[in-house]
Amino acid sequence: ILLKLIQMYIFFLYFCLRISLNLKSKIMKKIALFVSTIVLAVIFCACGSSSSPKAVVNDYYKALKNGDFEKALTYTTAKDEEIQQQVKKLQDFNFKVSDYEILSENIAEDGENATVEVKYTASNAFKETPEEQTETVKLIKVDGKWKINE
């Protein structure tokens, strides 16, 4: 899909440049360039990093590693009030992810469920030395977007 979008953008950019070369007004040339830039921005926003289960889990663990628990929990099915409670628990337990690696991704045939296996190293208030663990993260599609199923 991304390749098709890039091809469409290149065609659109070529079309805009051809038009702008024929335009005598500097304002029209600037408008054509501005429109092509907007189209590019839309294409890249549509191809966000959370478009696959693997990408969602990667973003989740990246946020955990950065200590941004609230952002991490936005990748889950947790509701706003649950997020606040879970953030407090993670902070109280001094939970820290120091490293992680996505091992595998498996999307179910129905296209609505997936699992991602991840290996991570974490510590908390009870385990001062980081410990390596492997976890199978379950995801579901909610409104067309992958979410970690809490």
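The rules behind the values
Within each chain, residues carry numbers counting from 1 in the order of the written sequence. Per-residue local features are limited, in this predicted model, to residues with pLDDT of at least 70; the limit for side-chain atom pairs, both in listing and counting, is 80 or more; totals at the level of whole chains, interfaces and linings are taken over all residues. Each side-chain value is worked out from all heavy atoms of the structure, with water and hydrogens disregarded. Note on classification: 1.4 Å probe, protein chains only; a residue is buried when its accessible area is under 20% of the maximum for its type, exposed when over 50%, partly exposed between these limits. Each helix corresponds to a stretch of at least 4 residues labelled H or I by DSSP, and each strand to a stretch of at least 2 residues labelled E; elements are numbered beginning at the N terminus. By this definition, two strands are paired if DSSP reports at least two bridges between them. In the sections that follow, a salt bridge refers to a side-chain nitrogen of Lys or Arg positioned within 4 Å of a carboxyl oxygen of Asp or Glu. Side-chain atoms within 4.5 Å are what join buried Ala, Val, Leu, Ile, Met, Phe, Trp, Tyr and Cys residues into a set we call a nonpolar core. Here, residues are in contact when the closest pair of their heavy atoms is within 4.5 Å.

Trainee: Give me the lowdown on the pairing of strand β4 (residues 145-148), citing residues and values where you can.
Mentor: Every second residue of β4 is oriented toward a common face, the buried set being Trp146 and Ile148 and the non-buried set Lys145 and Lys147. In the sheet, strand β3 (residues 131-142) pairs with β4 via four bridges, with the strands oriented antiparallel. From the neighbouring strand, Lys141 faces β4, where its bridge partner is Trp146. Counting the residues in the hairpin turn of β3 and β4 gives two residues, including Asp143, whose phi is positive at 55°.

Trainee: Report on the pattern of salt bridges, specifying residues and quantitative values.
Mentor: Opposite charge on two side chains makes pairing possible when the charged atoms of those side chains draw close. Tallied over the entire structure, the rule returns three salt bridges. Across the pair Lys88 and Asp92 runs a salt bridge, and its minimum N-O distance is 3.2 Å. Residue Lys88 and its partner Asp92 are both found in helix α5 (residues 80-92); the two are separated by four residues, about one turn of the helix. Among the salt bridges present, the one from Lys127 reaches Glu131, with a minimum N-O distance of 3.3 Å.

Trainee: A description of the nonpolar core should follow, citing residues and the corresponding values.
Mentor: Among the nonpolar cores identified, the biggest contains 26 residues, and Val57, Tyr61, Leu64 and Leu139 are the most heavily contacted of them. Elements with a contribution of two residues or more to this core: α3 (53-65), α4 (69-73), α5, β1 (96-107), β2 (113-123), β3 and β4. Take this core: its biggest share by element is six residues, from α3. Look past the residues within four positions of Leu64 in its chain and what remains in contact with it is Phe69, Ala72, Phe95 and Val97.

Trainee: I'd like a description of the pairing of β2, backed by residues and values.
Mentor: Relative to β2, β1 runs antiparallel, the two sharing 10 bridges. Bridging across to β2, Ile107 finds its partner in Ala114. Between β1 and β2, which pair antiparallel in sequence order, lie five residues; one of them, Gly111, sits at a positive phi of approximately 75°. In this structure, β2 lies alongside β3, joined through 10 bridges in antiparallel fashion. Bridging across to β3, Tyr120 finds its partner in Gln133.

Trainee: Can you lay out unusual backbone geometry for me, pointing to particular residues and giving the numbers?
Mentor: Backbone geometry places Asn94, a non-glycine residue, at a positive phi of 55°. With respect to the helices, strands and loops of the structure, Asn94 is situated in the loop between α5 and β1. Even without being a glycine, Asp143 presents a positive backbone phi close to 55°. With respect to the helices and strands, Asp143 occurs in the loop between β3 and β4.

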